[in-house]
Amino acid sequence: NGGGTDGGVMQDDPGTDDGAGARPCFRMSLKPAAPVGLSEAAPPLPAGSEVCLLAGIGNPARVKHTLESLGFRVVSELVLPDHGEAKVGELLKQARQLPVVMTEKDAVKYADARLPRELLQALYVLKVDAELPAPFFNEVLAGVENSGKA
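Residues numbered from 1 in each chain as written. Predicted model: local features only at pLDDT ≥ 70, side-chain atom pairs only at ≥ 80, totals over all residues. Heavy atoms only, no water.

A few points about the overall build of the protein
Next, step 1: Scanning the protein from terminus to terminus reveals five helices and eight strands.
Next, step 2: Across the protein, contacts joining residues at least 24 apart in sequence account for 65% of those joining residues at least 6 apart. (Helix = DSSP H or I, 4+ residues; strand = E, 2+ residues; numbered from the N terminus. Contact = heavy atoms within 4.5 Å.)

Looking at the sheet that holds strand S3 (residues 36-37)
Next, step 1: A sheet is described by the order of its strands in space; here five strands give the open sequence S3-S7-S6-S4-S5, paired in mixed fashion. Strands at the two margins of the open sheet, each flanked by one partner only, are S3 and strand S5 (73-79).
Next, step 2: Of the strand pairs in this sheet, strand S4 (residues 50-55) and strand S6 (residues 100-103) are connected by three bridges, and their pairing is parallel. In the strand pairing of S6, leucine 53 is matched with valine 101.
Next, step 3: Relative to S5, helix H2 (residues 88-95) is tilted by about 170 degrees, and along the sheet it contacts S4, S5, S6 and strand S7 (123-126).
Next, step 4: This element, helix H3 (residues 104-111), spans S4, S6 and S7 of the sheet and lies at about 110 degrees to S6. (Pairing = 2+ DSSP bridges. Axes fitted to C-alpha atoms, helices over the stretch in contact; angles between N-to-C directions.)

Observations concerning the pairing of S6
Next, step 1: Residues Val100 and Met102 point to one face of S6 and Val101 and Thr103 to the other, with burial holding for every one of them.
Next, step 2: With four bridges connecting them, S6 and S7 associate as parallel partners. Bridge pairing in S7 places methionine 102 opposite valine 125. (Buried < 20%, exposed > 50% of the residue type's maximum accessible area, 1.4 Å probe, protein only.)

Here's the deal with the packing of aromatic side chains
Next, step 1: Per the counting criterion, the structure on display carries two aromatic pairs.
Next, step 2: Seen in terms of ring centroids, phenylalanine 26 and phenylalanine 136 are 5.6 Å apart; in terms of plane orientation they differ by 80 degrees. Their pairing is edge-to-face. Highlighted residues: phenylalanine 26 in strand S2 (residues 25-32) and phenylalanine 136 in helix H5 (residues 134-147), separated in sequence by 110 residues. Of the two residues examined, phenylalanine 26 and phenylalanine 136, each falls in the buried class.
Next, step 3: Ring centres of phenylalanine 136 and phenylalanine 137 lie 5.1 Å apart, and the angle between their planes is 80 degrees; this geometry places the pair in the edge-to-face category. (Phe/Tyr/Trp six-rings, centres within 6.5 Å; stacked < 30°, edge-to-face > 60°.)

Observations regarding the nonpolar core
The nonpolar side chains of a soluble globular protein tend to be buried, and buried together.
Next, step 1: Leu54, Ala86, Leu91, Val100, Tyr110, Leu119 and Leu123 are the most contacted members of the largest nonpolar core, which has 19 residues in total.
Next, step 2: Those elements giving two or more residues to this core turn out to be S4, H2, S6, H3, helix H4 (117-120) and S7.
Next, step 3: Among the elements that line this core, the one with the most residues is H2, at three residues.
Next, step 4: Non-local contacts of valine 100, meaning those with residues more than four positions away in its chain, are made with Cys52, Leu54, Leu91, Gln94, Ala95, Ala122, Leu123 and Tyr124.
Next, step 5: Counting residues in each nonpolar core, the second largest holds 13 residues, with Ala42, Val51, Val63 and Val74 among its members. (Core = buried A, V, L, I, M, F, W, Y, C linked by side-chain atoms within 4.5 Å.)

By themselves these figures say nothing about function.
Here it is, written out as structure tokens:
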């Protein structure tokens, strides 16, 4: 071992016991922003809009809560298995009724697809930024510096 430190990052979650003991543990917060179009064809999506949530992740309820906290009204959901992918016809059916909002993780599956313009105009991505405290970065740098010392 190069002398690095063991530690962890935990996402803010009420009621979570970090159990870190002597290891450093840092809290990560996710800061969401308003959904943006998957392509330039999508017009801006104003807060208060009714949307369909597409979620192929382990905790779709959390994404729904995040959208609602940003002022969007989730009136329809297309919940897929973790890492699942919706068929184009299924997406198009939803998109003809409501704008479809998905996570960045889900958006990767559709960004390079050759999708009809009608669909591209209705697909949006909920972006989030991970925020970590300064001591986390200090700990990482210290670990890197110590890894060269044997």
